[in-house]
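Descriptive structure summary
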Amino acid sequence: MGLLEHRLDENVLTTRIDWLINWARLSSIWPMTFGLACCAIEMMAVGAAHHDMDRFGAGAFRATPRQADLMIVAGTVNFKMAERVKRLYEQMPSPKYVIAMGACATGGGPYYKYGYNVVKGVDRVVPVDVYVAGCPPRPEALLEGLMKLQDKIRRSAVLRKPGLPEGALFVPAPS
Amino acid sequence: MYFDYANVLVFLAVGIGFVFFNMALGALVRPSLPTPEQKTPYECGEDPIGDAWVNFDIRYYTVALVYIVFGVEIAFLFPWAVVLKSAFADGRIGGMAFVEGVLFVGVLFLGLAYVWAKGDLDWVKSYSAKAYRPSPTPTPGFRAFPDPAAAPPVVTGPPAAVESSTRPAAPVGAGAAPSHGTPRS
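What counts and how
Residues numbered from 1 in each chain as written. Chains lettered and ligands numbered in written order. Predicted model: local features only at pLDDT ≥ 70, side-chain atom pairs only at ≥ 80, totals over all residues. Heavy atoms only, no water. Salt bridge = Lys/Arg side-chain N within 4 Å of Asp/Glu carboxyl O. Helix = DSSP H or I, 4+ residues; strand = E, 2+ residues; numbered from the N terminus. Phe/Tyr/Trp six-rings, centres within 6.5 Å; stacked < 30°, edge-to-face > 60°. Buried < 20%, exposed > 50% of the residue type's maximum accessible area, 1.4 Å probe, protein only. Lys NZ or Arg CZ within 6 Å of the ring centre and 35° of its normal. Pairing = 2+ DSSP bridges. Axes fitted to C-alpha atoms, helices over the stretch in contact; angles between N-to-C directions. Contact = heavy atoms within 4.5 Å. Lys, Arg positive; Asp, Glu negative; His and termini not counted. Polar contact = N/O pair within 3.5 Å; in protein donor to acceptor, adjacent residues only side chain to side chain.

Digging into the pattern of salt bridges
Side chains bearing opposite charge may pair, as long as their charged atoms lie close to each other. Within the structure shown, the criterion is met by eleven salt bridges over all chains. Among the ionic pairs, Arg-84 of chain A bridges to Glu-83 of chain A, the shortest N-O distance being 4.0 Å. The partner of Glu-46 of chain B in a salt bridge is Arg-84 of chain A, and the shortest N-O contact between them spans 2.8 Å. Of this pair, Glu-46 of chain B sits in the loop between α1 (6–29) and α2 (59–90) while Arg-84 of chain A sits in helix α3 (residues 79–91), on two different chains.

Below is the structure:
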């Protein structure tokens, strides 16, 4: 734990510093290059020119978990892969976030009943921050999931103690 | 006069201070949740095999050394070639510059020839394939083993004793009971 993290009370100084740190974090979410199934095709489309994930500062797909902040679990997680997913998640540095993209990563999807080798949701392996619905989700859906994650980071307490009332600095996304 | 170099000092101080300031700032606010997996080498999520520090083939060392011959040559000959024409037009140092350039290339060529003759340009160095030929003049103090001039070794005892020392004698005959266990009825 950082020396000042979650140690300070809520006042105007800590809220401003938290706002600044959260702004820096949410503006440079670097995902890991990590695709498991057909959802990864949509994830590539999000990263490509038309949808352009880089507008949100999240377009720098890193080839190593050491440099990544976000793991987009894009696709079916079977038991063989879940072990790797877990290891990759643990190799990422904190703060780290996970988006479960699509029905398979959310809850098993079409393999829920008969998929003998499919993990029924990646949240049984790693903690998930945002679930994106769809099979596969549209690129816009993944972008919305990314914006939800940014809202979550924007609300989080860095220097302030956790558990204090949130939302003092929270500005909802424009509708 | 020396005050002009204060620029360099300030530049160094700011540069070094910037690094440590940011590292200290990060230590204040970053979460530190280490896991044992973070200390393992990254192999695409697989179980890492071996260390992350891989030994390179020692032959690359020779290649890098030989590269210096050509790298230094290029680094020095380009500016030399650029100014050589104007040096000739100047009329004073043109001849000497040309001779010195040729000497420089000659020295480097000697290095290349040495490497070539020594066989270091060959990627596959098959020292073992060369037949070992002993020197015709005997080395002082060298004694062949087994010494051909010495008498043959004296074997004491009957030959059967020698054989039994190398191979344990098997029990002969159906009636010979093994030393362990009870004989089957």
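As for the packing of aromatic side chains
Residue and element names in this part refer to chain A. Applying the stated criterion across every chain, the model contains three aromatic pairs over all chains. Aromatic side chains Trp-19 and Trp-23 sit 6.5 Å apart centroid to centroid with 15° between the ring planes, which places their arrangement in the stacked category. Here Trp-23 and Trp-19 lie together in helix α1 (residues 12–26), a separation of four residues that amounts to about one turn. Accessibility expressed as a relative area gives 40% for Trp-19, which makes it partly exposed. According to the relative accessible area criterion, Trp-23 is partly exposed, its value standing at 48%. The lysine or arginine in question, Lys-96, covers the ring of Tyr-89, its NZ or CZ lying 4.5 Å from the ring centre.

Some points on the sheet that holds strand β2 (residues 97–101) of chain A
All names here are of chain A. In space, the three strands of this open sheet follow the order β1-β2-β3, with parallel pairing throughout. Each end of this open sheet is capped by a strand with a single partner; those strands are β1 (70–74) and β3 (130–132). Pairs of neighbouring strands in the sheet enclose a mean axial angle of 20°, with direction left out of account. Both β2 and β3 contribute to a ladder of three bridges, which runs parallel. Counted as the bridge partner of Ile-99 is Val-130 from β3. Sitting on the sheet, helix α5 (residues 139–155) is in contact with β1, β2 and β3, with an inclination near 150° to β2.

Digging into the side chain of Lys-120 of chain A
All names here are of chain A. Inspection of the secondary structure puts Lys-120 in the loop between α4 (102–107) and β3. Buried and unpaired, Lys-120 has Asp-123 as its nearest opposite-charge partner, separated by 11 Å. A polar atom in the side chain of Lys-120 sits 3.0 Å from the backbone oxygen of Gly-115. Apart from residues lying up to four places away in sequence, Lys-120 is in contact with Gly-107, Gly-108, Tyr-111, Tyr-112 and Gly-115.

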